[in-house]
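Single-letter residue listing:
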Amino acid sequence: MTKETLFTTRIALIVALGGFLMGFDASVISGVNKFVQIDFNLTDLELGFSVSSLTIVAALAMMFSGPLSDRFGRRVVLKICAIVFFISAVGSALAPNFALFLIFRMLGGIGVGASLILAPMYIAEIAPPKQRGKLVSFNQLNIVLGITIAFFSNYFILSLGDSDLGWVKSLGIAENNWRWMLGVEAFPAVLYLFGLMTVPRSPRWLIMKSRLDEAKLVLCKFCSPEQAEKDLIAVTESLKSTANQEKTRIAELFKPAMRLVITIGLVVGILQQITGINSVFFYAPMIFEQSGIGTDASFIQAILVGVTNLVFTILAMLLIDRLGRKPLLAFGVGGIAVFMALLAYGFSAANYTLTQDKIDQLSDAKLRTEVSMLAGKSFKNDVQYKNEIKALLGNERAKQYESELITAAIDMNPSLILIGIIGFVACFAISLGPVMWVLFSELFPLKVRGIAISFVGFVNSAVSAGVQFIFPWELSNIGSAWTFLIYGLFALVGLVFIIRVIPETKGKSLEELEAQLVKS
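Attention in this report is confined to the structure presented alongside it. (Residues numbered from 1 in each chain as written. Predicted model: local features only at pLDDT ≥ 70, side-chain atom pairs only at ≥ 80, totals over all residues. Heavy atoms only, no water.)

Considering the side chain of Glu370
(1) Moving on: Inspection of the secondary structure assignment puts Glu370 in helix H18 (residues 365-370).
(2) Moving on: At a separation of 2.5 Å, a polar atom in the side chain of Glu370 contacts the side chain of Arg397.
(3) Moving on: Leaving out residues up to four positions away in the same chain, Glu370 has contacts with Leu392, Leu393 and Arg397. (Helix = DSSP H or I, 4+ residues; strand = E, 2+ residues; numbered from the N terminus. Polar contact = N/O pair within 3.5 Å; in protein donor to acceptor, adjacent residues only side chain to side chain. Contact = heavy atoms within 4.5 Å.)

Pasting the structure below:
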């Protein structure tokens, strides 16, 4: 491996740490939301908004980060992202009330949205063509790794709170566990900021700003002097050729010739989110608690979600050019429908009966008295049972003891829920997760590719925010079984669309695909 290749790889790994922070920041909330809802006495919709607000702001940040990076540079905006991640982590961890907690979480959305766009953009601009795919994939892998590490971190902090160690008690980890879960993100944010200090400016950005001598010096760090000279000339000529071109307007996407590709893009973009992936990533412990396994076990099972996501994302990267896009999509979305049906069945078969023996084992004496009138009474679904608990205890105390009371009363097979969630995540990670972005880069004609991906990406983020926002309300009002059944039905409709409409793009040039899909 040459000196230039080693340097390029090191810089790409540093910049891709933005993807790690993005994944960590997005999914750390999964371990936090239960405790935040109790501490701040939130309604289900307030909890949903505290989770989805980050995605809403991230979608807006995506729209502005590109132009800002064109003006000030990729590296400068990425440094601001690192600072924003740090402030968001510390601020949300120390927030004394819900309003400030929400503000700092939304601030983190700026870092999430900007880093999602700029980290792969910078890596693509420094990477040699033969290495570009591998180096850009570092960012996607780091996003998945960040999600996984967040699950590990949440469980580790929860476990520390249960220990008798003196330093744990002095730091107040037990009573402030959710604050520590959020606060630990400050450490990788600081590392990211210092790492970016060693990262040079993007050579393409320097050429855009007519700083050619500086651009050539930077290019020589990534490739040989001869190749640097060729790249400098090629980029300069490319910029000149596009300088006088009219900007593509969003109306271009809705012309009759574009009808098929924009329909495919929108359906796949919506399908990726409406089948419930971020309900699982952002609420995993809450979902597992609904199966009656308790808080600690639910955090352990959430780790399995992260590991499964990581393993099957890597598998998808290995298979996508061998098997093709359409087979992976069809297999994955079909699997999502099957595993969502399994989840719906598992929860629909549950029965809730609070026996006197179970009541006597509850942790709080007042609670035992309050629910004693439920002894021997059976409920056919979780909504009926939760509503009865709320009527007896009030919303705040019902949320506080919900996990314990579900564990005491539920009669179901929790293994079905674990299998369903893990199977769903595996199917998503091998299909809709990575394949969607590859498909987008191939479907849209060059002239509209940038604005098309931005538009469909914005719709994708908006649907994601909606799914996150409404999920706690769905659990409380229509129940777990119906919630997952709805996700499964969306997947079933999507599977029919994939089989009937989406073409295979593997092995075809972008020009061939444009001729096939864009009808003039």
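Moving on from the model shown.
Looking at empty space enclosed by the protein
(1) Moving on: Inspection of every chain in the model, using the stated rule, returns two cavities of 30 Å³ or more.
(2) Moving on: Considered as a void within the structure, the largest cavity measures approximately 140 Å³ in volume.
(3) Moving on: Lys34, Gln37, Met286, Lys399 and Glu402 are the residues nearest the centre of the largest cavity, which is lined by 15 residues in total.
(4) Moving on: Going through the elements one at a time, helix H2 (29-39), helix H3 (44-72), helix H14 (277-289), helix H21 (402-409) and helix H24 (449-477) are the ones with two or more residues in the lining of the largest cavity.
(5) Moving on: Each residue belonging to the lining of the largest cavity can be placed in one class, and the counts come to five nonpolar, four polar and six charged.
(6) Moving on: In this structure, the second largest cavity spans a volume of roughly 40 Å³.
(7) Moving on: In terms of lining, the second largest cavity is formed by Lys386, Ile389, Lys390, Asn395, Ala398, Lys399 and Glu402.
(8) Moving on: The set of elements that each furnish at least two residues to the lining of the second largest cavity consists of helix H19 (382-393) and helix H20 (395-400).
(9) Moving on: By residue class, the composition of the lining of the second largest cavity is two nonpolar, one polar and four charged. (1 Å grid on protein atoms, 1.4 Å probe; cavity = no way out; pocket = protein on both sides within 12 Å on 5 of 7 lines; lining within 4 Å. Points joined across faces, edges and corners; volume = space filled by probe spheres on them. Nonpolar A, V, L, I, M, F, W, Y, C, P; charged D, E, K, R; others polar.)

Section: unusual backbone geometry
(1) Moving on: Notably, Asn41 is not glycine yet its phi reads approximately 50°, a positive angle.
(2) Moving on: Counting through the fold element by element, Asn41 comes out in the loop between H2 and H3.
(3) Moving on: Among the residues examined, Asn41 registers a relative accessible area of 41% and is labelled partly exposed.
(4) Moving on: Phi at Ser210 is positive, roughly 60°, even though this residue is not glycine.
(5) Moving on: Exposure remark for Ser210: the relative accessible area of 58% places this residue in the exposed category. (Buried < 20%, exposed > 50% of the residue type's maximum accessible area, 1.4 Å probe, protein only.)

Remarks on the environment of Leu253
(1) Moving on: Tracing the sequence through the fold places Leu253 in the loop between helix H12 (225-243) and helix H13 (259-274).
(2) Moving on: As a C-alpha pair, Leu253 and Ile389 span 136 residues in sequence and 51 Å in three-dimensional space.

Just distances and angles here, no functional claims.
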